[in-house]
Amino acid sequence: EVQLVESGGGSVQAGGSLRLSCTASGFTFDDSYMAWFRQAPGSDCELVATLSSGSSRSTYTAGSVKGRFAVSEDNAKNIVYLQMNNLKPEDSALYYCATDGFPGLGSRCPNPTFKTWGQGTQVTVSS
């Protein structure tokens, strides 16, 4: 069974850091496109970062988090990470990892643009 499990969320003050983990099982992790999404109450599902399925495993981060967040992986452990630095209150959201799809028009997380989503991990940033 294809599964993703997020962990590492929590509460932190503005300016602090967290590292989220997404542990994958049931599929070929190193040949799979991975994505991080987040959704805050009253907001749309937002693509945060991606890790490509190509040999380069190139990364992408959204403009709202660029320079503060970074995606990386530990292929041996089937884990993709989202390092979040200089957190802001507007970063507060439920964070999801996803695989087997491609970003589309979905306004909620999770949505059918990706076949497999984790359960989500909450990040709360206080001012």
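It should be noted that the structure appears before, not after, this text.
Just so it is clear, the structure is predicted and the values come from calculations on it, not from any experiment. (Residues numbered from 1 in each chain as written. Predicted model: local features only at pLDDT ≥ 70, side-chain atom pairs only at ≥ 80, totals over all residues. Heavy atoms only, no water.)

K.L.:
An account of the sheet that holds strand 3 (residues 18-25) is needed here, citing residue identities and associated values.
P.N.:
Spatially, the 4 strands line up as an open sheet ordered 1-3-8-7, and their pairing is antiparallel. At either end of the open sheet lies a strand with only one pairing partner, and these are strand 1 (3-7) and strand 7 (69-74). For this sheet the average axis-to-axis angle between neighbouring strands, irrespective of direction, equals 20 degrees. (Pairing = 2+ DSSP bridges. Helix = DSSP H or I, 4+ residues; strand = E, 2+ residues; numbered from the N terminus. Axes fitted to C-alpha atoms, helices over the stretch in contact; angles between N-to-C directions.)

K.L.:
Run through the pattern of salt bridges, naming residues and quoting values.
P.N.:
Applying the stated criterion to the full structure yields 4 salt bridges. The shortest N-O distance in the salt bridge between Glu 46 and Arg 38 comes to 2.8 Å. Arg 38 gets classed as buried once you look at its relative accessible area, which sits at 6%. Across the salt bridge formed by Glu 73 and Arg 57, the nearest N and O atoms sit 2.8 Å from each other. On the criterion of sequence distance, the pair formed by Glu 73 in strand 7 and Arg 57 in the loop between strand 5 (46-51) and strand 6 (59-61) is long-range, its members being 16 residues apart. Here Glu 73 falls in the partly exposed class, since its relative accessible area comes to 28%. Overlapping salt bridges, with partners in common, bring together Arg 38, Glu 46, Arg 68 and Asp 91 in one network. (Salt bridge = Lys/Arg side-chain N within 4 Å of Asp/Glu carboxyl O. Buried < 20%, exposed > 50% of the residue type's maximum accessible area, 1.4 Å probe, protein only.)

K.L.:
Help me get a handle on the nonpolar core, residues and values and all.
P.N.:
Ranked by size, the top nonpolar core spans 26 residues in total, and within it Trp 36, Leu 82, Met 84 and Tyr 95 carry the most contacts. Going through the elements one at a time, strand 3, strand 4 (34-39), strand 5, strand 7, strand 8 (79-84), strand 9 (93-101) and strand 11 (121-126) are the ones with two or more residues in this core. Setting aside chain neighbours within four positions, we find Met 84 in contact with Gly 16, Ser 17, Leu 18, Leu 20, Arg 68, Phe 69, Tyr 95 and Val 123. Counting 9 residues, the second largest nonpolar core, distinct from the first, contains Tyr 33, Phe 37, Cys 45 and Phe 114. (Core = buried A, V, L, I, M, F, W, Y, C linked by side-chain atoms within 4.5 Å. Contact = heavy atoms within 4.5 Å.)

K.L.:
Any details on the pairing of strand 5? Residues and values, ideally.
P.N.:
Two strands pair when backbone bridges link them, and strand 4 and strand 5 are joined in this way by 5 bridges, in the antiparallel orientation. Of the residues in strand 5, the one forming a bridge with Trp 36 is Ala 49. What sits between strand 4 and strand 5 in their antiparallel hairpin is a turn of 6 residues, with Gly 42 showing a positive phi close to 80 degrees. Bridging between strand 5 and strand 6 involves 3 bridges; their strand directions are antiparallel.

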